[in-house]
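Residue-level structure breakdown
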Amino acid sequence: GENTKLSGLIDDVHSYRDKPPRLQGSVEVFTAIWIPIVLIGAPLAWFLSGDASNWKIMLLLWVVACPCALLLAAPVPHAASLANAAHSGAIARGGDVLERLGRVDLALLDKTGTLTSGRPRLTEVVMAKGKKKDSAMKLALGLEARSSHPYAEVIKSAAAEGGLSASNVVGHRDGEAGVSGKMGSAKVMFGKPDWLIKEGVKVEANLKKAIDKAIQEGHGTSLLSKSGNAIALFVFVHDDIREGADALIKDLHSQRVNVELLSGDLTSAVEAFGPRVGLPAAACRGDLKPQDKAEWVEARAKTHVTMMAGDGFNDAAALANSDVGIAIGSGEQVNLDAADVLVPGDDPRLIGRLIHLAKKTRRIVAQNILISVGITILLVWSVVSQFNDQLWIGVLVHEASAILVILNGARLSGEKGIFAMIIELISDLWRDTREAFSSLIAQRAARMERA
C-alpha cells in the first residue's frame, strides 16, 4: 500500500501543507528583526520611564510585543485551505500556489479533456451511392478489430449495439494515417480522408461534400474504401461538453477572472464551441500546436496573473509557463511534474471552487495580519502610556489574539462556519476532559482496591 500512487499523493498533501508559503518567510524575516528590538527596547523603556520600581513595564512589553499571533497569521489558513482542497479532490503544491491562485485574473483553459470529455462519439455515417450502412460497419469493424484507437473503440461499441459482427479482414497493416487489409482479393482501407486520397482512392461528390462539411465544423472523419473506391465516411464528434463546464465559466466570470479557450482543433470549430459554454468567439483560439500554446501563455503571463488548466501531454509546457498550472484528470507524469495543482477527477467546476478558496484564504490571511498587528500595537500603547500595568491582562489579551487568529484561519478547513466550529471545539474539549477525569478516578479506585 505504501508504494501506490494514492499513498504518494497523501504524502504529498502532508509535505505541501507543512511547506511554509513565501508570505510566511517575509513574516519570519520581520520577526527576526522585531524580536531583538523588543528585547532591547523593553529595558530601555523601563530606564526612560525614570521610575526604577516600575520594572513590570519591561515584563509587560516582553509579553505583549511578542509576535505569536503574527507568526500564526499565514500558516494556519494555508494549512486549513490545503486540507480543504485535498478533501474536495484537488492537491495544491503548498501555500505559495494558493497565494498566486488567489491573485489570478486570467484563466486559460484547454478544450479537449478539460471542458470536453475528449472521448469521441459517432454521429453520422455517410454512404456512397448504392452502398449499405450495415456492410460498411462490418467492414470497418473488421479493419479496427485489433486497434485500440479511440475511433476504433467507438466503432466497436456502435457495432455491438447494432448486433453486427466483423467482416473477415486479413493482412492488417498500419498506414500513415489509418489501417489497411484484405477482404478476399479486395484491398480495404480505413483512415483519414487525406491519406486515402493520397493513396489513390476515388471519392464521389457527396462524400467529398460531407468531408468538407465535417472539417468546417471541426469534427473528426475516417473514410472507408474497398478496391480503390470510397464507400462510407464516418463522422466523429469530440465536443461533448463535460457536465459543469458552463457552470465553471460563469463562476470564473463572477469572480472577475477572464477566460480564454485554447485548442489544437480548427479555429472555426473552437469559435463555434465557445458560445456553447458561455465564451465569446473572440476568447477562443484554435490551430494551436503545443509550442504555440506555451508561447501564448508565456505572453499573457507578462500582463496578467495566469492560470492554465489542461489534461494532455501536449499541455505540459503551457502549464509550466503559467503562474499556476492545473492538471485535470491526468495520469501523464510530465503533466503532474509541470502542474502546481493536481485534480485527479474530471469535474471542471472544482477549478472555480479552488480559486474561490484561494481568494478567501488571501482575505483571511490579511485579516489575521491586521488582527495580530492591531492588537500588538494596542497592547504596546496601553503599556507605554501606563493605561494597563497588569501582567495578567496583557497575557490574557495576547493569548486571546493568537486563539482568534487560529480560529479565523481554521474556518477554511470546512463548510461549518466559525460558530459551529467553536461549539464543536468546546464539545470535544468537554468530552475529552470528562474522559480524562473518568480515567483518573478509575485508576485511583484500582489502586485503593489493591491497597
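Residues numbered from 1 in each chain as written. Predicted model: local features only at pLDDT ≥ 70, side-chain atom pairs only at ≥ 80, totals over all residues. Heavy atoms only, no water.

1. Examining the overall build of the protein
- Across its full length, the protein holds 18 helices and 13 strands.
- By element, 58% of the accessible surface of the protein is carried by carbon and sulfur atoms, the whole surface being about 23800 Å². (Helix = DSSP H or I, 4+ residues; strand = E, 2+ residues; numbered from the N terminus. Areas by Shrake-Rupley, 256 points an atom, 1.4 Å probe, with all protein chains shown as cover.)

2. Re the environment of S88
- Topologically, S88 is positioned in helix α5 (residues 75-88).
- Overall, the relative accessible area of 43% leaves S88 in the partly exposed class.
- For the pair S88 and G414, spaced 326 residues apart in sequence, the C-alpha separation works out to 10.0 Å. (Buried < 20%, exposed > 50% of the residue type's maximum accessible area, 1.4 Å probe, protein only.)

3. A short note on the pattern of salt bridges
- Taken as a whole and assessed by the stated rule, the structure comprises eight salt bridges.
- Among the salt bridges present, the one from D347 reaches R349, with a minimum N-O distance of 3.0 Å.
- Residue R349 is classed as partly exposed on the basis of its relative accessible area of 30%.
- The structure contains a network of salt bridges with shared partners spanning E260, R285 and R300. (Salt bridge = Lys/Arg side-chain N within 4 Å of Asp/Glu carboxyl O.)

4. Examining the nonpolar core
- Counting residues in each nonpolar core, the largest one holds 40 residues, and the members touching the most others are L109, M307, I326 and V341.
- Here this core takes seven residues from helix α16 (residues 349-384), the largest share from any one element.
- If we ignore the near neighbours within four places in the chain, the residues touching M307 are L101, V104, L106, A107, L108, L109, S322, V324, I326, I351 and I355.
- M127, A140, L164 and F234 belong to the second-largest nonpolar core, a separate cluster that totals 22 residues. (Core = buried A, V, L, I, M, F, W, Y, C linked by side-chain atoms within 4.5 Å. Contact = heavy atoms within 4.5 Å.)

5. A closer look at the packing of aromatic side chains
- Tallied over the entire structure, the rule returns two aromatic pairs.
- Arranged with centres 5.2 Å apart and planes meeting at 80°, the rings of F190 and F234 form a pair that is edge-to-face. Of the two residues, F190 is situated in strand β6 (residues 186-191) and F234 in strand β8 (residues 229-237); the sequence distance between them amounts to 44 residues. With respect to class, F190 is no different from F234; both count as buried.
- Lying over the aromatic face of F273, K111 brings its terminal NZ or CZ to 5.4 Å of the ring centre. (Phe/Tyr/Trp six-rings, centres within 6.5 Å; stacked < 30°, edge-to-face > 60°. Lys NZ or Arg CZ within 6 Å of the ring centre and 35° of its normal.)

6. Digging into the packing of α16 against helix α17 (residues 391-410)
- Two elements in contact, α16 and α17, have axes whose closest approach is 9 Å; the angle formed by their N-to-C orientations is 175°. In terms of orientation, α16 and α17 fall into the roughly antiparallel class. Note on element contacts: α17 touches α16 through G394, V397, H398, S401, L404, V405, N408 and G409, opposite I364, Q367, N368, I371, I375 and L379.
- Grouping the amino acids of the contact of α16 with α17 by side-chain chemistry returns seven nonpolar, seven polar and no charged. (Axes fitted to C-alpha atoms, helices over the stretch in contact; angles between N-to-C directions. Parallel < 35°, antiparallel > 145°, perpendicular 65-115°, else oblique. Nonpolar A, V, L, I, M, F, W, Y, C, P; charged D, E, K, R; others polar.)

7. A short note on a nonpolar patch on the surface
- On the surface, a cluster of nonpolar side chains totalling about 700 Å² of accessible area is made up of I35, L39, I40, W55, L59, W62, L391 and V395.
- For the nonpolar patch, the secondary structure elements donating two or more residues are α2 (22-48), α3 (56-64) and α17.
- It is α2 that contributes the most residues to the nonpolar patch, three residues altogether.
- Its location among the elements puts W55 in the loop between α2 and α3.
- Relative accessible area serves as the criterion here: at 45%, W55 is assigned to the partly exposed category. (Patch = residues over 30% accessible without salt bridge, like charges linked within 9 Å, V, L, I, M, F, W, Y side chains within 5 Å.)

8. Comments concerning the sheet that holds strand β5 (residues 178-183)
- The strand order across the open sheet formed by six strands is β3-β8-β7-β6-β5-β4, and the pairing between neighbours is antiparallel. Where the open sheet ends on each side, the last strands, each with one partner, are β3 (121-127) and β4 (170-174). Across this sheet, the average inter-strand angle for adjacent strands is 15°, counted without regard to direction.
- The sheet contact formed by β4 and β5 spans three bridges and is antiparallel. Bridging from a neighbouring strand, V170 pairs with K182 of β5.
- Sitting on the sheet, helix α10 (residues 205-217) touches β3, β7 (220-226) and β8, and the angle it makes with β8 is about 20°. (Pairing = 2+ DSSP bridges.)

9. Focus on the pairing of β7
- A large share of β7 lies buried, amounting to six of its seven residues.
- Sheet topology note: the β7/β8 ladder contains seven bridges and is antiparallel. Across the sheet, T221 pairs through a bridge with V235, a residue of β8.
- If you look at the hairpin formed by β7 and β8, you'll find two residues sitting between the two strands, and S227 has a positive phi there, around 55°.

10. Here we look at unusual backbone geometry
- Even without being a glycine, R256 presents a positive backbone phi close to 60°.
- Position of R256 among the secondary structure elements: in the loop between α11 (245-254) and β9 (258-262).
- Located in the positive-phi region is D287, a residue other than glycine, with phi close to 60°.
- With respect to the helices and strands, the residue D287 is situated in the loop between β10 (284-285) and α13 (290-300).

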